[in-house]
Amino acid sequence: TREQLLASSHQPALTRDGRRVKIAANAGSELDAAMAVKNGAEAIGILRTEFLYLTRDSAPTEEEQKETLTRMGEIMGERPIYVRTLDVGGDKDIPYLHLPVEANPFLGVRSLRFSFKKPDIFLTQLRAILRAGVQANLRIMLPMISQLDDLIQAQRYVEQAHQALEQEGIPHRWPLEAAMMVETPSAALLTAAFAKHLDYFSIGTNDLTQYTLAAERGNPELTSYHDGLHPSVLYLIRKVVQDAHQFGKKTGVCGELAGDPTAVPILVGLGVDELSMNPGSIPRVKDIIRRLELPSVSRLAENALQAESAIDVRCMAEKFLSTL
Ligand code: PEP
Ligand code: MG
(Lines give C-alpha, C1' and ligand atoms only; values in the text may rest on other atoms or scores of the structure.)
(Ligands and ions follow the chains in the order given, each with its own letter.)
Protein backbone atom coordinates (compact mmCIF):
# COMPACT_ATOMS: atom_id res chain seq x y z
CA THR A 1 0.00 0.00 0.00
CA ARG A 2 0.92 3.65 -0.29
CA GLU A 3 1.43 3.86 3.51
CA GLN A 4 3.83 0.93 3.55
CA LEU A 5 5.75 2.39 0.61
CA LEU A 6 5.96 5.73 2.40
CA ALA A 7 7.15 4.14 5.65
CA SER A 8 9.94 2.16 3.95
CA SER A 9 10.84 5.23 1.91
CA HIS A 10 12.68 6.60 4.93
CA GLN A 11 15.26 3.82 4.56
CA PRO A 12 18.01 4.00 1.93
CA ALA A 13 17.40 2.28 -1.41
CA LEU A 14 19.67 -0.70 -2.10
CA THR A 15 19.39 -3.18 -4.94
CA ARG A 16 18.98 -6.86 -3.97
CA ASP A 17 22.70 -7.27 -4.42
CA GLY A 18 23.54 -4.29 -2.26
CA ARG A 19 24.23 -1.34 -4.57
CA ARG A 20 23.00 1.83 -2.92
CA VAL A 21 21.28 4.36 -5.17
CA LYS A 22 20.93 7.72 -3.55
CA ILE A 23 17.45 9.18 -3.92
CA ALA A 24 16.99 12.93 -3.89
CA ALA A 25 14.19 15.36 -4.56
CA ASN A 26 13.82 18.15 -7.08
CA ALA A 27 12.53 21.28 -5.39
CA GLY A 28 11.36 24.71 -6.42
CA SER A 29 9.83 25.97 -3.17
CA GLU A 30 9.90 25.52 0.60
CA LEU A 31 6.79 23.36 0.29
CA ASP A 32 8.69 20.99 -2.03
CA ALA A 33 11.45 20.72 0.58
CA ALA A 34 8.91 19.74 3.22
CA MET A 35 7.48 17.15 0.81
CA ALA A 36 11.00 15.90 0.12
CA VAL A 37 11.60 15.19 3.80
CA LYS A 38 8.17 13.61 4.19
CA ASN A 39 8.83 11.24 1.29
CA GLY A 40 12.29 10.15 2.38
CA ALA A 41 14.59 12.21 0.16
CA GLU A 42 18.26 11.98 1.10
CA ALA A 43 19.06 15.35 -0.47
CA ILE A 44 17.68 18.03 -2.71
CA GLY A 45 19.34 17.05 -5.96
CA ILE A 46 18.33 20.26 -7.66
CA LEU A 47 16.88 23.38 -6.12
CA ARG A 48 15.41 25.39 -8.97
CA THR A 49 16.07 28.90 -7.69
CA GLU A 50 13.82 30.63 -10.21
CA PHE A 51 11.09 30.66 -7.53
CA LEU A 52 13.11 33.28 -5.67
CA TYR A 53 12.73 35.60 -8.66
CA LEU A 54 9.11 34.90 -9.63
CA THR A 55 5.94 36.77 -8.53
CA ARG A 56 7.72 40.06 -7.88
CA ASP A 57 8.84 42.99 -9.97
CA SER A 58 12.54 43.22 -9.22
CA ALA A 59 15.37 40.84 -8.43
CA PRO A 60 15.54 39.56 -4.82
CA THR A 61 18.25 41.05 -2.61
CA GLU A 62 21.17 39.07 -1.25
CA GLU A 63 19.58 39.20 2.21
CA GLU A 64 16.21 37.88 0.97
CA GLN A 65 17.82 35.02 -0.91
CA LYS A 66 20.04 34.16 2.03
CA GLU A 67 17.03 33.99 4.35
CA THR A 68 15.01 31.73 2.07
CA LEU A 69 17.98 29.42 1.49
CA THR A 70 18.63 29.29 5.23
CA ARG A 71 15.00 28.27 5.81
CA MET A 72 15.35 25.56 3.18
CA GLY A 73 18.37 24.34 5.11
CA GLU A 74 16.37 24.24 8.34
CA ILE A 75 13.78 22.05 6.63
CA MET A 76 16.41 19.71 5.16
CA GLY A 77 18.66 19.45 8.23
CA GLU A 78 21.91 17.65 7.41
CA ARG A 79 20.74 16.64 3.95
CA PRO A 80 22.67 18.36 1.15
CA ILE A 81 20.94 20.87 -1.12
CA TYR A 82 22.30 21.41 -4.61
CA VAL A 83 21.41 25.01 -5.33
CA ARG A 84 21.12 25.45 -9.07
CA THR A 85 21.99 29.01 -10.09
CA LEU A 86 19.43 31.05 -12.01
CA ASP A 87 18.23 29.19 -15.08
CA VAL A 88 16.26 31.91 -16.82
CA GLY A 89 15.46 31.94 -20.53
CA GLY A 90 14.21 29.23 -22.87
CA ASP A 91 11.21 27.76 -21.07
CA LYS A 92 11.60 30.03 -18.00
CA ASP A 93 10.81 33.73 -18.33
CA ILE A 94 11.14 36.41 -15.65
CA PRO A 95 9.71 39.59 -17.23
CA TYR A 96 11.64 42.26 -15.26
CA LEU A 97 14.96 40.72 -16.30
CA HIS A 98 14.20 41.79 -19.89
CA LEU A 99 15.74 38.87 -21.69
CA PRO A 100 16.89 39.65 -25.21
CA VAL A 101 14.48 38.87 -28.04
CA GLU A 102 16.17 36.12 -30.00
CA ALA A 103 15.33 33.92 -32.97
CA ASN A 104 16.25 30.78 -30.98
CA PRO A 105 15.92 31.42 -27.23
CA PHE A 106 16.79 27.82 -26.30
CA LEU A 107 20.07 28.28 -28.17
CA GLY A 108 20.56 31.81 -26.96
CA VAL A 109 21.47 33.83 -23.89
CA ARG A 110 19.81 31.58 -21.32
CA SER A 111 20.79 30.27 -17.92
CA LEU A 112 24.51 30.58 -17.10
CA ARG A 113 24.99 32.59 -20.30
CA PHE A 114 22.55 35.15 -18.91
CA SER A 115 24.38 35.13 -15.56
CA PHE A 116 27.62 36.01 -17.37
CA LYS A 117 25.89 38.97 -19.03
CA LYS A 118 24.52 40.20 -15.68
CA PRO A 119 27.36 39.74 -13.19
CA ASP A 120 25.58 41.82 -10.54
CA ILE A 121 22.64 39.45 -10.43
CA PHE A 122 24.94 36.42 -10.53
CA LEU A 123 27.29 37.66 -7.79
CA THR A 124 24.34 38.59 -5.58
CA GLN A 125 23.01 35.05 -5.88
CA LEU A 126 26.43 33.48 -5.29
CA ARG A 127 26.99 35.61 -2.17
CA ALA A 128 23.59 34.59 -0.82
CA ILE A 129 24.39 30.90 -1.41
CA LEU A 130 27.83 31.16 0.23
CA ARG A 131 26.35 32.99 3.22
CA ALA A 132 23.39 30.67 3.71
CA GLY A 133 25.89 27.81 3.52
CA VAL A 134 27.15 28.69 7.00
CA GLN A 135 24.03 27.07 8.45
CA ALA A 136 22.68 24.97 5.60
CA ASN A 137 24.42 22.09 3.85
CA LEU A 138 24.48 23.83 0.47
CA ARG A 139 26.38 23.02 -2.68
CA ILE A 140 26.35 24.96 -5.88
CA MET A 141 25.10 23.55 -9.16
CA LEU A 142 25.85 25.19 -12.49
CA PRO A 143 23.31 24.79 -15.30
CA MET A 144 23.56 24.82 -19.09
CA ILE A 145 27.28 24.30 -19.43
CA SER A 146 28.39 23.48 -22.94
CA GLN A 147 32.14 24.00 -22.88
CA LEU A 148 34.97 23.98 -20.37
CA ASP A 149 35.27 27.74 -20.44
CA ASP A 150 31.70 28.05 -19.07
CA LEU A 151 32.74 26.17 -15.97
CA ILE A 152 36.03 28.06 -15.57
CA GLN A 153 34.24 31.40 -15.89
CA ALA A 154 31.51 30.40 -13.45
CA GLN A 155 34.07 29.19 -10.93
CA ARG A 156 35.87 32.52 -11.27
CA TYR A 157 32.68 34.29 -10.22
CA VAL A 158 32.27 31.96 -7.26
CA GLU A 159 35.84 32.73 -6.23
CA GLN A 160 35.18 36.45 -6.66
CA ALA A 161 32.10 36.27 -4.43
CA HIS A 162 34.14 34.45 -1.80
CA GLN A 163 36.99 37.01 -1.95
CA ALA A 164 34.58 39.91 -1.55
CA LEU A 165 32.84 38.33 1.45
CA GLU A 166 36.22 37.56 2.95
CA GLN A 167 37.34 41.17 2.62
CA GLU A 168 34.10 42.40 4.13
CA GLY A 169 34.50 39.97 7.01
CA ILE A 170 31.15 38.33 6.30
CA PRO A 171 30.86 34.68 7.40
CA HIS A 172 30.25 32.19 4.60
CA ARG A 173 30.82 28.56 3.69
CA TRP A 174 34.19 27.99 2.01
CA PRO A 175 35.18 25.92 0.20
CA LEU A 176 31.82 25.20 -1.35
CA GLU A 177 31.38 21.94 -3.20
CA ALA A 178 30.50 22.53 -6.84
CA ALA A 179 28.59 20.41 -9.32
CA MET A 180 27.54 20.91 -12.90
CA MET A 181 24.50 19.93 -14.85
CA VAL A 182 25.01 17.92 -17.99
CA GLU A 183 22.31 19.26 -20.26
CA THR A 184 24.06 19.57 -23.59
CA PRO A 185 25.58 16.81 -25.74
CA SER A 186 28.81 18.81 -25.73
CA ALA A 187 29.09 18.71 -21.94
CA ALA A 188 28.30 14.99 -21.91
CA LEU A 189 31.04 14.25 -24.44
CA LEU A 190 33.55 16.37 -22.51
CA THR A 191 32.88 14.83 -19.08
CA ALA A 192 36.48 13.71 -18.70
CA ALA A 193 37.71 17.26 -19.24
CA PHE A 194 35.35 18.59 -16.58
CA ALA A 195 36.01 15.86 -14.07
CA LYS A 196 39.12 17.35 -12.52
CA HIS A 197 37.26 20.57 -11.73
CA LEU A 198 34.32 19.22 -9.74
CA ASP A 199 32.92 16.30 -7.80
CA TYR A 200 29.45 15.71 -9.11
CA PHE A 201 27.66 15.58 -12.46
CA SER A 202 23.91 15.91 -12.55
CA ILE A 203 22.38 14.94 -15.87
CA GLY A 204 19.44 17.15 -16.79
CA THR A 205 17.62 14.86 -19.18
CA ASN A 206 14.89 17.39 -19.97
CA ASP A 207 17.32 19.69 -21.72
CA LEU A 208 19.72 16.95 -22.76
CA THR A 209 16.92 15.24 -24.67
CA GLN A 210 15.85 18.51 -26.27
CA TYR A 211 19.37 19.31 -27.45
CA THR A 212 20.26 15.79 -28.52
CA LEU A 213 17.17 15.28 -30.66
CA ALA A 214 17.02 18.96 -31.68
CA ALA A 215 13.36 19.14 -30.59
CA GLU A 216 12.22 22.02 -28.41
CA ARG A 217 10.96 20.75 -25.06
CA GLY A 218 7.31 21.53 -24.52
CA ASN A 219 6.55 21.94 -28.23
CA PRO A 220 3.36 19.86 -28.54
CA GLU A 221 4.06 19.13 -32.21
CA LEU A 222 7.20 17.23 -31.25
CA THR A 223 6.13 14.97 -28.38
CA SER A 224 7.47 11.84 -30.08
CA TYR A 225 10.98 13.30 -29.68
CA HIS A 226 10.58 14.11 -25.97
CA ASP A 227 11.66 10.80 -24.48
CA GLY A 228 14.89 10.60 -22.52
CA LEU A 229 14.88 6.84 -23.08
CA HIS A 230 15.92 7.44 -26.66
CA PRO A 231 19.06 5.36 -27.33
CA SER A 232 20.97 8.51 -28.35
CA VAL A 233 20.34 10.04 -24.93
CA LEU A 234 21.18 6.77 -23.19
CA TYR A 235 24.55 6.68 -25.01
CA LEU A 236 25.32 10.14 -23.65
CA ILE A 237 24.28 9.14 -20.12
CA ARG A 238 26.54 6.11 -20.34
CA LYS A 239 29.42 8.30 -21.52
CA VAL A 240 28.97 10.68 -18.58
CA VAL A 241 28.81 7.86 -16.04
CA GLN A 242 31.81 5.97 -17.42
CA ASP A 243 34.03 9.03 -17.74
CA ALA A 244 33.02 10.45 -14.35
CA HIS A 245 33.67 7.11 -12.64
CA GLN A 246 37.08 6.91 -14.29
CA PHE A 247 37.94 9.99 -12.25
CA GLY A 248 36.19 8.77 -9.11
CA LYS A 249 33.35 11.28 -9.52
CA LYS A 250 29.65 10.64 -8.93
CA THR A 251 26.78 11.10 -11.32
CA GLY A 252 23.07 11.67 -10.95
CA VAL A 253 20.04 12.20 -13.14
CA CYS A 254 17.71 15.04 -12.21
CA GLY A 255 15.48 15.36 -15.27
CA GLU A 256 11.96 13.93 -15.31
CA LEU A 257 13.42 10.62 -16.47
CA ALA A 258 14.81 9.94 -12.97
CA GLY A 259 11.32 9.65 -11.47
CA ASP A 260 9.89 7.59 -14.32
CA PRO A 261 9.46 4.01 -13.04
CA THR A 262 10.06 2.59 -16.51
CA ALA A 263 13.41 4.37 -16.76
CA VAL A 264 14.74 3.49 -13.30
CA PRO A 265 16.10 -0.03 -14.05
CA ILE A 266 17.92 1.28 -17.14
CA LEU A 267 19.44 4.22 -15.30
CA VAL A 268 20.64 1.96 -12.49
CA GLY A 269 21.92 -0.43 -15.15
CA LEU A 270 23.92 2.38 -16.73
CA GLY A 271 25.59 2.93 -13.34
CA VAL A 272 23.97 6.23 -12.32
CA ASP A 273 24.71 6.84 -8.61
CA GLU A 274 21.84 9.13 -7.71
CA LEU A 275 18.32 9.90 -8.92
CA SER A 276 16.59 13.18 -8.16
CA MET A 277 12.86 13.49 -8.80
CA ASN A 278 9.58 15.04 -7.79
CA PRO A 279 9.15 14.23 -4.08
CA GLY A 280 5.96 12.26 -4.72
CA SER A 281 7.79 9.75 -6.93
CA ILE A 282 10.34 8.76 -4.27
CA PRO A 283 8.50 5.92 -2.46
CA ARG A 284 7.69 4.08 -5.69
CA VAL A 285 11.20 4.50 -7.12
CA LYS A 286 12.85 3.24 -3.92
CA ASP A 287 10.55 0.24 -4.03
CA ILE A 288 11.60 -0.54 -7.61
CA ILE A 289 15.30 -0.22 -6.80
CA ARG A 290 14.95 -2.77 -4.00
CA ARG A 291 13.73 -5.34 -6.55
CA LEU A 292 16.68 -4.91 -8.93
CA GLU A 293 19.86 -6.90 -9.39
CA LEU A 294 22.86 -5.35 -11.06
CA PRO A 295 23.67 -8.04 -13.65
CA SER A 296 20.15 -8.06 -15.06
CA VAL A 297 19.78 -4.27 -15.16
CA SER A 298 23.20 -3.98 -16.83
CA ARG A 299 22.00 -6.38 -19.49
CA LEU A 300 18.79 -4.42 -19.86
CA ALA A 301 20.78 -1.19 -20.29
CA GLU A 302 23.02 -2.84 -22.90
CA ASN A 303 19.95 -3.97 -24.84
CA ALA A 304 18.40 -0.52 -24.56
CA LEU A 305 21.51 1.02 -26.14
CA GLN A 306 21.10 -1.34 -29.09
CA ALA A 307 17.40 -0.52 -29.56
CA GLU A 308 16.20 1.45 -32.54
CA SER A 309 13.81 3.86 -30.88
CA ALA A 310 12.60 5.21 -27.56
CA ILE A 311 9.41 3.24 -28.02
CA ASP A 312 11.37 0.01 -28.33
CA VAL A 313 13.31 0.87 -25.19
CA ARG A 314 10.09 1.57 -23.33
CA CYS A 315 8.57 -1.77 -24.38
CA MET A 316 11.71 -3.60 -23.32
CA ALA A 317 11.82 -1.82 -19.95
CA GLU A 318 8.15 -2.36 -19.23
CA LYS A 319 8.45 -6.04 -19.96
CA PHE A 320 11.43 -6.18 -17.60
CA LEU A 321 9.51 -4.33 -14.86
CA SER A 322 6.61 -6.74 -15.11
CA THR A 323 8.93 -9.64 -14.24
CA LEU A 324 10.17 -8.07 -10.98
C1 PEP B 1 16.72 19.36 -16.96
O2 PEP B 1 16.94 20.11 -17.92
O3 PEP B 1 16.59 18.12 -17.08
C4 PEP B 1 16.60 19.90 -15.59
C5 PEP B 1 16.54 19.11 -14.54
O6 PEP B 1 16.50 21.25 -15.45
P7 PEP B 1 15.17 22.07 -15.87
O8 PEP B 1 14.07 21.10 -16.10
O9 PEP B 1 14.93 23.00 -14.73
O10 PEP B 1 15.61 22.79 -17.11
MG1 MG C 1 17.54 22.17 -17.65
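Quick caveat: nothing in here was measured; it's all calculated off a predicted structure.

## Notes on the overall build of the protein
Move 1: Secondary structure summary: the protein contains 14 helices and 9 strands in total.
Move 2: Viewed in the frame of its principal axes, the protein has a C-alpha envelope of about 60 × 45 × 40 Å.
Move 3: Buried residues in the protein amount to 46% of all 324 residues.

## Things to note about the site of ligand 1
Move 1: Near ligand 1 you find Ile46, Arg48, Asp87, Glu183, Gly204, Thr205, Asn206, Asp207, Cys254 and Gly255, and these make up its full shell.
Move 2: When residues of the shell around ligand 1 are traced back to their parent elements, those giving at least two are strand S3 (44-48) and helix H9 (205-212).
Move 3: A total of 3 residues in the shell around ligand 1 trace back to one element, the largest contributor, which is H9.
Move 4: Grouping the constituent residues of the shell around ligand 1 by class yields 2 nonpolar, 4 polar and 4 charged.

## Some points on the confidence of the model for the protein
Move 1: Per-residue confidence for the protein gives a mean pLDDT of 97; residues scoring 70 or more make up 100%.
Move 2: Listed scores for the predicted complex are pTM 0.97 and ipTM 0.99.

## A few points about the nonpolar core
Move 1: Of all hydrophobic cores here, the largest spans 84 residues; its most connected members are Ile44, Ile81, Met180, Ile266 and Leu267.
Move 2: With residues near it in sequence (within four places) discarded, Ile81 still touches Ala43, Ile44, Leu47, Met72, Gly73, Met76, Ala136, Asn137 and Leu138.

## Things to note about the pairing of strand S2 (residues 20-27)
Move 1: Within S2, 6 of the 8 residues are buried, which leaves the element mostly enclosed by the surrounding structure.
Move 2: Where strand S1 (residues 13-14) meets S2, 2 bridges bridge the pair, whose relative direction is antiparallel. Across the sheet, Ala13 pairs through a bridge with Val21, a residue of S2.
Move 3: Between S1 and S2, which follow one another and run antiparallel, lie 5 residues, and Gly18 among them has a positive phi close to 90°.
Move 4: Strand direction decides the pairing type here: S2 and strand S9 (residues 274-277), joined by 4 bridges, are parallel. Looking across to S9, one finds that Ile23 is bridged to Leu275.
Move 5: Sheet analysis places S2 next to S3, joined by 3 bridges and oriented parallel. The residue bridging Ala25 from the neighbouring strand is Ile44, located in S3.

## What about unusual backbone geometry?
Move 1: For the peptide bond that leads from Trp174 to Pro175, omega is 0°, which places it in the cis range.
Move 2: For His98, which is not glycine, the phi dihedral falls at a positive 45°.
Move 3: Looking at the element boundaries, His98 is found in the loop between strand S4 (81-84) and helix H4 (112-117).
Move 4: For His98, a count of 7 C-beta atoms within 10 Å corresponds to the exposed category.
Move 5: Its identity as a non-glycine residue notwithstanding, Ala214 has a phi of 55°, on the positive side.

## Here's the deal with the environment of His172
Move 1: Among the secondary structure elements, His172 is positioned in the loop between helix H6 (148-167) and strand S6 (178-182).
Move 2: Residues His172 and Ala154, 18 residues apart in the sequence, show an inter-C-alpha distance of 18 Å.
Move 3: Excluding its chain neighbours within four sequence positions, the residues that come into contact with His172 are Leu130, Arg131, Gly133, Val134, His162 and Leu165.

## A word on the environment of Cys254
Move 1: Examined against the element boundaries, Cys254 turns out to sit in the loop between strand S8 (250-253) and helix H11 (264-269).
Move 2: Cys254 gets classed as buried once you count the C-beta atoms within 10 Å, which come to 29.
Move 3: Separated by 232 residues in sequence, Cys254 and Lys22 have C-alpha atoms that sit 12 Å apart.
Move 4: Residues within four places of Cys254 in sequence aside, it is in contact with Asn26, Gly45, Ile46, Ser202, Ile203, Gly204 and Ser276.

## Looking at the packing of helix H3 (residues 62-76) against helix H5 (residues 119-132)
Move 1: Between H3 and H5, the least distance of the axes is 8 Å, while the angle of their chain directions is 40°. Taken as axis vectors, H3 and H5 run oblique relative to one another. The handedness of the crossing between H3 and H5 is right-handed. Residues Glu62, Gln65, Lys66, Leu69, Thr70 and Gly73 of H3 pack against Thr124, Gln125, Arg127, Ala128, Ile129, Arg131 and Ala132 of H5.
Move 2: Looking at the contact of H3 with H5 residue by residue, the classes come out as 4 nonpolar, 5 polar and 4 charged.

What counts, and where the lines are drawn
Residues numbered from 1 in each chain as written. Chains lettered and ligands numbered in written order. Predicted model: local features only at pLDDT ≥ 70, side-chain atom pairs only at ≥ 80, totals over all residues. Helix = DSSP H or I, 4+ residues; strand = E, 2+ residues; numbered from the N terminus. Buried ≥ 20, exposed ≤ 12 C-beta atoms within 10 Å, placed from the backbone. Near = placed C-beta within 6 Å. Nonpolar A, V, L, I, M, F, W, Y, C, P; charged D, E, K, R; others polar. pLDDT = per-residue confidence, 0-100. Core = buried A, V, L, I, M, F, W, Y, C linked by C-beta atoms within 7 Å. Contact = placed C-beta atoms within 7 Å. Pairing = 2+ DSSP bridges. Axes fitted to C-alpha atoms, helices over the stretch in contact; angles between N-to-C directions. Parallel < 35°, antiparallel > 145°, perpendicular 65-115°, else oblique. Left-handed = near helix turned anticlockwise from the far one by under 90°.

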